[in-house]
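# Results of the structural survey
Now for the letters of each chain:
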Amino acid sequence: MEAAPIEKLLEAFQVLDYEGKGIVTKEFMARIMMEEGEPFSLEELEEMFSCAVDGSTSIIPYEYYLNQLIIDI
């Protein structure tokens, strides 16, 4: 499976960010990713969350996370 372009990922996060704050919660993201579309496994979620979630607040500042993906490419 080919990775989605960063622009598409940003659009997807923005759709989920109903309040336009630039963040989504870990719990909300986990629920969406396990219940909608092709479900992710717990292992896949934990791998993503290890670099996406702010450990002290349990939120995903998604623009920061996407920038980290770009750096790692």
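Higher on the page you've got the structure.
Summary of the structure given here. The model shown is predicted, which means the values in this text are computed figures rather than measured ones.

Reading the values: rules and limits
- Residues numbered from 1 in each chain as written.
- Predicted model: local features only at pLDDT ≥ 70, side-chain atom pairs only at ≥ 80, totals over all residues.
- Heavy atoms only, no water.
- Helix = DSSP H or I, 4+ residues; strand = E, 2+ residues; numbered from the N terminus.
- Axes fitted to C-alpha atoms, helices over the stretch in contact; angles between N-to-C directions.
- Left-handed = near helix turned anticlockwise from the far one by under 90°.
- Contact = heavy atoms within 4.5 Å.
- Nonpolar A, V, L, I, M, F, W, Y, C, P; charged D, E, K, R; others polar.
- Phe/Tyr/Trp six-rings, centres within 6.5 Å; stacked < 30°, edge-to-face > 60°.
- Buried < 20%, exposed > 50% of the residue type's maximum accessible area, 1.4 Å probe, protein only.

## What about unusual backbone geometry?
Of note, serine 58 is a non-glycine position whose phi angle comes to about 60 degrees, a positive value. Here serine 58 shows up in the loop between α3 (42-52) and β2 (59-61).

## Some words on the packing of helix α2 (residues 26-35) against α3
Two elements in contact, α2 and α3, have axes separated by 11 Å at closest approach and are oriented at 145 degrees. The way α2 lies across α3 gives a crossing that is right-handed. Residues Lys26, Met29, Ala30, Met33 and Met34 of α2 touch α3, and the partners they reach there are Leu42, Leu45, Glu46, Met48 and Phe49. Of the residues assigned to the contact of α2 with α3, the class counts are eight nonpolar, no polar and two charged.

## Details of the packing of aromatic side chains
Going through the model one piece at a time under the given rule, you end up with three aromatic pairs. When the ring of phenylalanine 13 is compared with that of tyrosine 62, the centres are 5.1 Å apart and the planes differ by 5 degrees; the resulting orientation is stacked. Separated by 49 residues along the polypeptide, phenylalanine 13 in helix α1 (residues 6-16) and tyrosine 62 in helix α4 (residues 62-72) bring together distant segments of the chain. Tyrosine 62 shares its class with phenylalanine 13; the two are buried. Each ring, one from tyrosine 18 and one from phenylalanine 28, has its centre 6.0 Å from the other, and the planes form 65 degrees; the classification is edge-to-face. Placement of tyrosine 18 in the loop between α1 and β1 (23-25) and of phenylalanine 28 in helix α2 is noted, with a sequence separation of ten residues between them. Taken together, the ring pairs connect Phe13, Tyr62 and Tyr65 into an aromatic cluster.

As far as function goes, none of this settles anything; it's purely spatial.
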